[in-house]
Every structure is written in structure tokens, then in C-alpha cells.
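A closer look at the structure
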Amino acid sequence: MTASSRSGPLPLIIDCDPGIDDAVMLMIALMSPKLEVGAITAVAGNVPLRLTSRNARMICERMGRPDVPVYAGCPRPILRKPVTAEDFHGESGIEGIEIFQPKAPLASGHAVSELIARLCAAKPASQTVILSGPMTNLAAALVMAPEIAAKIGHLVVMAGGDQIGGNITPFAEFNVFADPHAAAIVFDAGIRTTVLSLDVTHTVRAEAGRLAALASIPGTEAKMMVDLLAAGNKLEARWKNGQMAPMHDPSTVVYLLAPEIFEVKPCRVSVVTRPGAQFGRTRVKDARRGPHSWVTAADADAFFGVIEDLLKARA
Ligand code: RIB
Ligand code: CA
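In what follows, the accompanying structure is described. Nothing here was measured: the structure is a model prediction, and the numbers come from that model.

Conventions adopted
- Residues numbered from 1 in each chain as written.
- Chains lettered and ligands numbered in written order.
- Predicted model: local features only at pLDDT ≥ 70, side-chain atom pairs only at ≥ 80, totals over all residues.
- Heavy atoms only, no water.
- Helix = DSSP H or I, 4+ residues; strand = E, 2+ residues; numbered from the N terminus.
- Rg over C-alpha atoms; globule rule 2.2 N^0.38 Å.
- Buried < 20%, exposed > 50% of the residue type's maximum accessible area, 1.4 Å probe, protein only.
- Areas by Shrake-Rupley, 256 points an atom, 1.4 Å probe, with all protein chains shown as cover.
- Lys, Arg positive; Asp, Glu negative; His and termini not counted.
- Salt bridge = Lys/Arg side-chain N within 4 Å of Asp/Glu carboxyl O.
- Contact = heavy atoms within 4.5 Å.
- Donors = N, O, S within 2.8 Å, 3.2 Å for Na, K, Ca; no water.
- Near = heavy atom within 4 Å.
- Polar contact = N/O pair within 3.5 Å; in protein donor to acceptor, adjacent residues only side chain to side chain.
- Nonpolar A, V, L, I, M, F, W, Y, C, P; charged D, E, K, R; others polar.

Right, let's get into the overall build of the chain. Along the backbone of the chain there are 12 helices and nine strands. Over its C-alpha atoms the chain spans a radius of gyration of 18 Å, differing by no more than 12% from the 20 Å that the globule rule assigns to 315 residues. Oriented by its inertia axes, the alpha-carbon framework of the chain measures out at about 45 × 40 × 35 Å. For the chain, buried positions account for 60% of its 315 residues. Total accessible area computed for the chain in this model is approximately 12,200 Å², and 55% of it derives from carbon and sulfur atoms.

Cis geometry marks the peptide bond from P18 to G19, where omega comes out at -25°. Among the secondary structure elements, G19 is positioned in the loop between strand 1 (10-16) and helix 1 (20-31). The omega angle of the peptide bond from G290 to P291 is 15°, so this bond is cis rather than trans. Turning to its location among the elements, P291 is positioned in the loop between strand 8 (282-286) and strand 9 (292-298). Notably, A125 is not glycine yet its phi reads approximately 55°, a positive angle. Non-glycine residue N241 carries a positive phi angle of around 30°. Mapped onto the elements, N241 comes out in the loop between helix 10 (220-239) and helix 11 (250-257).

Next up on the list: the side chain of E236. By the element assignment, E236 lies in helix 10. Despite its burial, E236 remains without a salt bridge, the nearest opposite charge being carried by R205 at 4.1 Å. With residues up to four places along the chain from it excluded, the contact list for E236 reads F88, R205, Q243, M244, A245 and P246.

Another aspect to go through is the coordination of the calcium ion (ligand 2). Surrounding the calcium ion (ligand 2) are the protein donor atoms D17 (OD), D22 (OD), D22 (OD), S132 (O) and D249 (OD), at 2.2 to 2.6 Å. In the primary sequence, the donor residues of the calcium ion (ligand 2) line up as D-x4-D-x109-S-x116-D. Separated by 232 residues along the polypeptide, D17 in the loop between strand 1 and helix 1 and D249 in the loop between helix 10 and helix 11 bring together distant segments of the chain. Note on D17: relative accessible area 0%, which makes it buried. Relative accessible area serves as the criterion here: at 2%, D249 is assigned to the buried category.

Around ligand 1 sit 13 residues, and of these D21, N167, E173, N175 and D249 come closest. One of the side-chain nitrogen or oxygen atoms of D17 is found 3.1 Å away from an oxygen atom of ligand 1. In this structure, N167 approaches ligand 1 through a side-chain N or O atom, which is 2.8 Å from an oxygen atom. For ligand 1, the accessible surface in isolation is 270 Å², of which the surrounding protein chains cover 97%. At the level of secondary structure, the elements contributing two or more residues to the shell around ligand 1 comprise helix 1 and helix 6 (174-177). For the shell around ligand 1, the class distribution of residues is two nonpolar, six polar and five charged.

Moving on, we come to the side chain of H292. Relative to the assigned elements, H292 resides in strand 9. At 2.9 Å, the side chain of H292 forms a polar contact with the backbone nitrogen of V269.

Following this line, the structure appears as C-alpha cells:
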């Protein structure tokens, strides 16, 4: 189920590790009348959990949605030692916007317990879940309550890489590298999953012309998004020989809003969890019956058109 094929808004749970691109993803999701973000669960990833869970609440407040509950989840990966990505997101995790203490407190209860409670109460195959960070929270929930897998009708993840390889090692993408054991649990759960990997996100970047188009849109949301993307570009250019930042996490929400601008192939994804150079690598095997769909291409202009239309509607 995607947002474009429904009458009412698509109910959504988002698990994330804000992170500049997670923050942009949350902005898009919270702006769209086609989506209803029922809960946000934060996980340790780009920066420690105390920051990812604060940053998610900051974005909700700035978007006028302090009512969206944000739950703190796992503070570390399942087995490997923690890794973070301040080089690409800043020490705060959301370089580009002024930090403040959100008025809304963290929702009470652990994110993993909340995922289990919400999914257990749901009808079979009724829930859409986005993962845009290390998959630790959902993996823990699946270990504690395997029956929740049947309640997720569509899982959309930003993870992995195949043709492109990796961005944190030559073979591994950050979200999988940061918790390969969690990714293996999630991919092995048999859930219908659409995977937005580096193969596609590296073809949709916040190029100067696209940023200028967003900057020409009046309104506080457009300015906030441009500030975030510009900060992300500055950090990306410093570490990745002048390249502009890929729209990693926003691709998950844009896929739900406009699946027709993407190309996918049915497959089965597995994860390399043995120690060594390929630790955290995703392997993609063509499989007619899935359960996974690997996104292979996107129309980058249409992608930014979706974002521009949402920002213009808020201006
Ligand atoms: O590799 C890109 C992914 O890692 C994105 O989700 C980014 O936010 C980081 O978490
Ligand atoms: Ca992320």
C-alpha cells in the first residue's frame, strides 16, 4: 500500500536516527496530507540516542506537530560496538538549524515496547513502517514478538547498496553497517519490504539548482529545509570530494507518495554478518516472489517536484 493508492491518509510509523536527512524526511512526512505519522521511534545511529530522540521532537515542534509522540528506543546496536556519523550530520545531528529544548517530552515507554503494542493491536498487514536508521528497534521487537511481522503490510527502509557498494566501508552502507545483525533479523522476517539503497539515493542529490528552487519558495518550512540540506551538502562535500548530499532518507517518504517515479525489481536481500572486510554488506538476489523490492532508479526531477509542491502548499 502506498499513499497514492488510498482514499484517506496512510497511517505511518517512522523509526529514525535524525540525522540531517532523517530530519528532511520527517518534514516531508509531516507536511503531506496523504500521510498520518502516528508515532516516531528514535534509535541510536548518526548520533547517540539522547540526540536522535531530541532532534525528532525538535522537528515535530518546528513543523507544528508537537502532538506526534516520539519514543526513545535502543541506545546501542544488538552486538557490534556502536558507530556514529557526526562527520556527515554535525555534533548535534542536525547541523543547519538552531538547537533548542523541545517543549514536548519524550513519550513514555520504550520504543520497542511501543512498536510491539501498536503492531499487536493492528489488523494483519495493515501497517506501514519506515526505517531510516540502524534497524535495531524493529529487530528487537521482532525477537520479542515475532507475530508482529504479519501486521506490517509494507516496510520501507533506507539501507544497503549493491551496484554502488558502501558509503562507510567499500562494501557497507551506514544503516546496515551500524547494526548488521539487526538488519539480518529484519530482512529474514519475510516482511514485504521496499529497499531504498545507495544504488538509487546516490542518483538523487541536493544539487545547487534544486536547492535554489526550494529557496525560492516562501515560508519557514522551505527555509528550514534549505538550511538543513545546505548544511548536509557542506559536510558531504568535505568528506566526499565536493559531491552534494544524496537524498537518502527522504527517498522513503517520497516513494510512498509517488511510487510511479521509481523503478523496482523483486529480490531477496541478505546481510553479511561475519567479521571481515564485507561486514555489513547487503547481498541482493533476484527473486520473482520477493519478499523484497530493490529500488533501482528514480526520476530525480520528479522527486524534487514532490517536495517543492508540499513546500509551496505550506507557503
Ligand atoms: O547511509 C545513509 C544512511 O545513514 C541515512 O539514513 C543517514 O541518515 C545515515 O543514517
Ligand atoms: Ca538516517
